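Coordinate inspection notes
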Amino acid sequence: MFLETLFYIVLSAYTTDGSVLHSNWNMPFENENICGYYLRNMDTAEQKLPFEKDEMGNYVIYHKDKTYYVEFWSHSCEEFYYDKETKKWKQVPNTI
């Protein structure tokens, strides 16, 4: 049985209060190699990341009336499959 999957670049923000926030890019990739190549060559200065700098120079995320201070973030390629029963895209376990 063939399972259709797509890779997405996922941006993960690790915040000072221990929260981890994820933001999917809306650009799908057909395989992990293409996703990884794009990720390695991504110029973050030209791409809009889900983080902003506040007036004190801290990286922050504003979400649902709450401010999260970002300690550090990472970028990864993660694989998703379409679940016909729930009609939603779900992450394939143990993908990077």
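Up top is the structure.
As a starting point, this report considers the structure included with it. This is a predicted model, so every value here is computed, not measured.

Observations regarding the nonpolar core
The biggest cluster of nonpolar side chains holds nine residues, and these are F7, I9, L11, W25, F29, C35, L39, M42 and C77. The dominant element in this core, judged by the number of residues it contributes, is strand β1 (residues 5–15), at three residues. In this structure, A13, I61, Y68 and V70 belong to the second largest nonpolar core, which totals five residues.

Quick notes on the side chain of T15
Along the chain, T15 falls in strand β1. At a separation of 2.5 Å, a polar atom in the side chain of T15 contacts the side chain of D17. Once residues within four sequence positions are removed from consideration, T15 is found in contact with L21, Y68, Y69, V70 and E71.

Quick word on the pattern of salt bridges
Side chains carrying opposite charge are able to pair once their charged atoms draw close together. Taken as a whole and judged by the stated rule, the model has two salt bridges. Salt-bridge contacts for K66 lead to D17; the nearest nitrogen and oxygen are separated by 3.8 Å. Here the residue K66 occupies a position in strand β5 (residues 66–83), and D17 occupies one in the loop between β1 and β2 (20–24), the gap between them amounting to 49 residues. On the basis of relative accessible area, K66 is assigned to the partly exposed category, the value being 40%. Measuring nitrogen to oxygen at the nearest pair gives 3.0 Å for the salt bridge that ties K90 to D83. Judged by relative accessible area, D83 falls into the buried class, the value being 14%.

Overview of the state of the cysteines
Per the counting criterion, the structure on display carries one disulfide. With a sulfur-sulfur separation of 2.2 Å, C35 is cross-linked through a disulfide to C77. Handedness here is read from the sign of the S-S torsion; for C35 and C77, about -105°, the answer is left-handed. Of this pair, C35 sits in helix α1 (residues 32–40) while C77 sits in strand β5, placing them 42 residues apart in sequence. Residue C35 shares its accessibility class with C77, and that shared class is buried.

Each value, and the rule that gives it
- Residues numbered from 1 in each chain as written.
- Predicted model: local features only at pLDDT ≥ 70, side-chain atom pairs only at ≥ 80, totals over all residues.
- Heavy atoms only, no water.
- Core = buried A, V, L, I, M, F, W, Y, C linked by side-chain atoms within 4.5 Å.
- Buried < 20%, exposed > 50% of the residue type's maximum accessible area, 1.4 Å probe, protein only.
- Helix = DSSP H or I, 4+ residues; strand = E, 2+ residues; numbered from the N terminus.
- Polar contact = N/O pair within 3.5 Å; in protein donor to acceptor, adjacent residues only side chain to side chain.
- Contact = heavy atoms within 4.5 Å.
- Salt bridge = Lys/Arg side-chain N within 4 Å of Asp/Glu carboxyl O.
- Disulfide = S-S within 2.5 Å.

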